[in-house]
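Each chain is listed here by its residues.
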Amino acid sequence: MVRVSARWLLCLPLIMLLSGCSVERQTQRISRLYDAVRSQPQIQPPADYVPAATPAVGVDPIAKADVLVFATRPGDAVVSAYTTIRQAVAQGKRVVIVYVTNGDAQSDVARALAELPASATPTPSHYLNGASVLQELAIQVAGSALGVEPEDVIFLAYPDGALHELTAEAPDRVVRSPYTEKDGLFDAGTTPYRMARSGQGVPYSFNAILHDLNDVLVELNPREIYLPSPESTDATVAAVGRLIARSLREVVPREARVFVYLQESDAQPSPDRRVPVTDPAAKQRALDMYAAGGGSAGWPDLPAALLEEEGFWEVDYTKPM
């Protein structure tokens, strides 16, 4: 056995030399194949190929939020919760603002941007353009005045001026906006706004908006929730409050605290929470950003009280509001 092992040891250099030659030949062969493949013409997409568009709103689950503020139209969150949002952001909390409409029934904005006389009636395209501008302003103001990141501003884009027609008694009935003449978020193959949380073909119906509200609440799982009053004298604001209240009873975590906030046209009950406005001039400037972008000199008819104090009252969302 020793002599056999010795004989193999004597042959080892030859085996290594032959193996080296084999490896070298294989390496050369692979290199030639690679060069041949590389020299072939590259596959090109057809002339009419259109790459998939990046969605305006991400589809990834939204991380848990500390504070969720629902607002009926762009500007409302600043009117009613400017200091509250600023303080939460300063404390390192994640604040998310959800705009239920884009303000697509605001005739003053539609007329001003279209440079129409005060007596003129805007067309549906004027209303859509005005609402698109308000949407962009909401993102700008959120970042520059409130400290809220653009990805934390959500637009549901339901119709201003028509939400009061959405009822649980007719949950699948589709309503048409008398201003934009749209009956869905993406009807007739066109997108009314650059950003909307829902996808193509979503109708203006009770079931559709309730689904979106439930979806937002489940994904965000907020600790504090602020919403407009279901008792507001503004029909659209009251409808938004009622719809959110219905959604809260269905999906909100039981440990969340829910507050209703005051708006400029609402009655003034005694609030459970009072937040002094520490910088009224800064709040006014934030509102004037909306006004200037919408073609006005300043925010109209803001009660002086809302430049001094923001009021909220806590509600039991397990009961009808």
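See the structure printed just above.
Computed from a predicted model, the values in this text were never measured in an experiment.

Student: Looking at this model, I keep getting lost on the nonpolar core. Mind explaining?
Tutor: One recurring pattern in soluble globular proteins: nonpolar side chains tend to sit buried together. Phe70, Tyr158 and Leu248 are the most contacted members of the largest nonpolar core, which totals 44 residues. Put simply, the parts of the chain that give this core at least two residues each are β1 (67-71), β2 (95-101), α4 (124-146), β3 (153-158), α5 (206-220), β4 (224-228), α6 (235-251) and β5 (257-261). Tallying contributions element by element places α5 first for this core, with eight residues. Val67, Met195, Ala286 and Leu287 belong to the second largest nonpolar core, which has 38 residues in total.

Student: Just to check I follow, could you spell out the packing of aromatic side chains for this structure?
Tutor: A ring pair, where both rings are aromatic, is described by two values, the distance of the centres and the angle of the planes. If you walk through the whole model with that rule in mind, you get five aromatic pairs. Consider the rings of Tyr99 and Phe155, whose centres lie 5.7 Å apart with planes at 20°: the pair is stacked. Of the two residues, Tyr99 sits in strand β2 while Phe155 sits in strand β3, which places them 56 residues apart along the sequence. The interplanar angle of 55° and the centroid separation of 6.0 Å between the aromatic rings of Tyr158 and Tyr204 together place this pair among those described as tilted. Highlighted residues: Tyr158 in strand β3 and Tyr204 in the loop between β3 and α5, separated in sequence by 46 residues. The residues Tyr158 and Tyr204 share a single accessibility class, namely buried.

Cut-offs applied
Residues numbered from 1 in each chain as written. Predicted model: local features only at pLDDT ≥ 70, side-chain atom pairs only at ≥ 80, totals over all residues. Heavy atoms only, no water. Core = buried A, V, L, I, M, F, W, Y, C linked by side-chain atoms within 4.5 Å. Buried < 20%, exposed > 50% of the residue type's maximum accessible area, 1.4 Å probe, protein only. Helix = DSSP H or I, 4+ residues; strand = E, 2+ residues; numbered from the N terminus. Phe/Tyr/Trp six-rings, centres within 6.5 Å; stacked < 30°, edge-to-face > 60°.

Without other data, these values stay purely geometric and don't point to any function.
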